[in-house]
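Structural overview for review
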Amino acid sequence: MKTVHEVSKLAGVSIRALQYYDRIGLLCPAGHTDAGYRLYDDTDLERLQQILLFRELEFPLKEIRRIIESPHFDRDRALDQQIALLRMKKEHLEDLIELARGIKLKGEKAMDFSAFDTSKMDEYAAQARASWGNTPEYKEYEAKSGNRPQEEEQTLAGQLMSIFAEFGRIKDTDPASAQAQALVDKLQGFITEHYYRCSDEILSGLGKMYAAGGDFTANIDRAGGAGTAAFTNRAIQAHCKQ
């Protein structure tokens, strides 16, 4: 676990920025010291890397949060798209540098503005944004959460974690049991009511994502204990096979 000062020094992000990310729910620390100071684990640092990559591409913080919290967010695909965009940005900067050198060293006066053209990069960025959010479920999620107050978002997130905590209390039982299946129904209903229509197909995908590692697995296991995410996935898959 790293303190906010250590993360600030490691990532080159100001403490004030990290505090703001916490306030808006973009990057909440895994824990706190007895004195109330923020503590960040490896999962938090992975999420911070994603945030900073999107920031380098000038995505607004609100949009970054919606992207990385979308149930359809594919981290590997996002990294491929970020790499492509960063390469385009690098080429754009190199073109600008060459233009500036030509003006300074050669005294060029040709009115060539092609180096300022970012249309290709802008078009690719628009396509990437569309691929991250171009589903009916994501649009429904945006419609329901777009104007939702931050306090309400945090309350809902706490309620969702409470459901996973319930899974954690029975994680050593049969995932196909009536009790486990009742919790799956509760989870599915909660997602549908507050975020988007959660069909069995989507629920199955969510279950696999819960158990695949990364932020989701860490947060669920934090709520219900080690193994909770894997148990939740098994219960969900049992439900979807019925």
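These lines cover the structure that appears in this document, whether it is placed above or below. Bear in mind that the values here come from a model prediction, so they are computed numbers and not experimental data. (Residues numbered from 1 in each chain as written. Predicted model: local features only at pLDDT ≥ 70, side-chain atom pairs only at ≥ 80, totals over all residues. Heavy atoms only, no water.)

**Describing the overall build of the protein chain**
Stated precisely, the cut-off is as follows: Runs of H or I in DSSP of at least four residues are treated as helices and runs of E of at least two as strands, each being numbered from the N terminus. Exposed residues in this analysis have more than 50% of their type's maximum accessible area, buried residues have under 20%, and partly exposed residues fall in between, with area computed by a 1.4 Å probe over protein chains only. Whether two residues touch is decided by their heavy atoms; if any such pair falls within 4.5 Å, the residues are in contact. Surface accessibility follows the Shrake-Rupley procedure with a 1.4 Å probe radius. Residue values consider only the protein chains on display as shielding.
The helix and strand tally for the protein chain stands at twelve helices and three strands. Taken over 242 residues, the protein chain has a buried fraction of 41%. For the protein chain, contacts bridging at least 24 residues in sequence account for 64% of all contacts bridging at least 6. Total accessible area on the protein chain stands at roughly 13,900 Å², and carbon and sulfur atoms take up 52% of it.

**Remarks on the sheet that holds strand S3 (residues 38-40)**
Rules: For two strands to pair, DSSP has to find at least two bridges joining them.
Taken in spatial order, the three strands line up as S1-S3-S2 in an open sheet, and their pairing is antiparallel. Looking along the sheet, the strands with just one partner apiece sit at the ends: strand S1 (2-3) and strand S2 (31-32). Relative to S3, S1 is paired through two bridges, and the arrangement is antiparallel. Following the sheet pairing, Lys 2 is matched in S3 by Tyr 40.

**A word on the side chain of His 92**
Following the sequence through the fold, His 92 ends up in helix H5 (residues 75-106). With sequence-adjacent residues up to four places away left out, His 92 is seen in contact with Ala 115, Phe 116, Asp 117 and Thr 118.

**Focus on the nonpolar core**
For clarity, the threshold we go by: Buried residues of nine kinds, namely Ala, Val, Leu, Ile, Met, Phe, Trp, Tyr and Cys, make up a nonpolar core once their side-chain atoms join them within 4.5 Å.
Grouped together as the largest cluster of nonpolar side chains are 26 residues, with contacts concentrated most on Phe 167, Leu 187, Ile 191, Leu 206 and Tyr 210. At the level of secondary structure, the elements contributing two or more residues to this core comprise helix H8 (150-169), helix H9 (178-194), helix H10 (200-210) and helix H12 (228-241). Looking at which element gives the most residues to this core, the answer is H9, with six residues.

**Topic: the pattern of salt bridges**
Pairing between side chains of opposite charge can happen when their charged atoms approach one another. For the record, the criterion: Throughout this description, the term salt bridge denotes a Lys or Arg side-chain nitrogen within 4 Å of a carboxyl oxygen of Asp or Glu.
Taken as a whole, this structure holds five salt bridges when the rule is applied. A salt bridge links Arg 222 to Asp 41, with the shortest nitrogen-to-oxygen separation between them at 2.7 Å. Linking Arg 222 in helix H11 (residues 215-224) with Asp 41 in the loop between S3 and helix H3 (42-56), this pair joins segments that are 181 residues apart in sequence. Judged by relative accessible area, Asp 41 falls into the buried class, the value being 17%. For the salt bridge of Glu 56 with Lys 89, the shortest nitrogen-to-oxygen distance reads 4.0 Å. A residue pair is termed long-range when its members are at least 10 positions apart, and Glu 56 in helix H3 and Lys 89 in helix H5 qualify at 33 residues. Lys 89 sits in the partly exposed class, given a relative accessible area of 23%.

**Quick word on the environment of Leu 48**
Summarising the element assignment, Leu 48 is placed in helix H3. Accessibility expressed as a relative area gives 2% for Leu 48, which makes it buried. Separated by 30 residues in the primary sequence, Leu 48 and Leu 18 place their C-alpha atoms 9.4 Å from one another.

**Quick notes on H5**
Stated precisely, the cut-off is as follows: Helices are assigned an expected span. That span is 1.5 Å times one less than the residue count.
Under the 1.5 Å per step criterion, the end-to-end length of H5 is 45 Å for 32 residues, consistent within 8% with the ideal 46 Å. Turning to H5, its buried residues number three or more, namely Ala 78, Gln 81, Gln 82, Leu 85, Met 88, His 92, Leu 99 and Gly 102.

**Let's talk about the side chain of Gln 237**
Along the chain, Gln 237 falls in helix H12. Gln 237 sits in the buried class, given a relative accessible area of 15%. Setting aside its immediate chain neighbours within four residues, Gln 237 contacts Ser 204, Gly 207 and Lys 208.

**What about the packing of aromatic side chains?**
A ring pair, where both rings are aromatic, is described by two values, the distance of the centres and the angle of the planes. Operational definition: A pair of aromatic rings is counted whenever rings of Phe, Tyr or Trp (Trp by its six-membered ring) have centres within 6.5 Å, and the orientation is called stacked for planes under 30 degrees apart, edge-to-face for over 60 and tilted otherwise.
All told, the structure shown has five aromatic pairs when counted by the stated rule. Relative to Tyr 195, the ring of Phe 190 has its centre 6.3 Å away and its plane inclined at 55°; by these criteria the two rings are tilted. Overall, Tyr 195 belongs to the buried group, its relative accessible area being 12%. Taken together, the ring pairs connect Phe 164, Phe 167, Tyr 210 and Phe 231 into an aromatic cluster.

**Things to note about the environment of Gly 25**
Tracing the backbone through its elements, the reader meets Gly 25 in the loop between helix H2 (15-23) and S2. The class of Gly 25 is buried, set by a relative accessible area of 11%. As for Gly 25 and Lys 62, which are separated by 37 residues in sequence, their C-alpha atoms are 9.7 Å apart.

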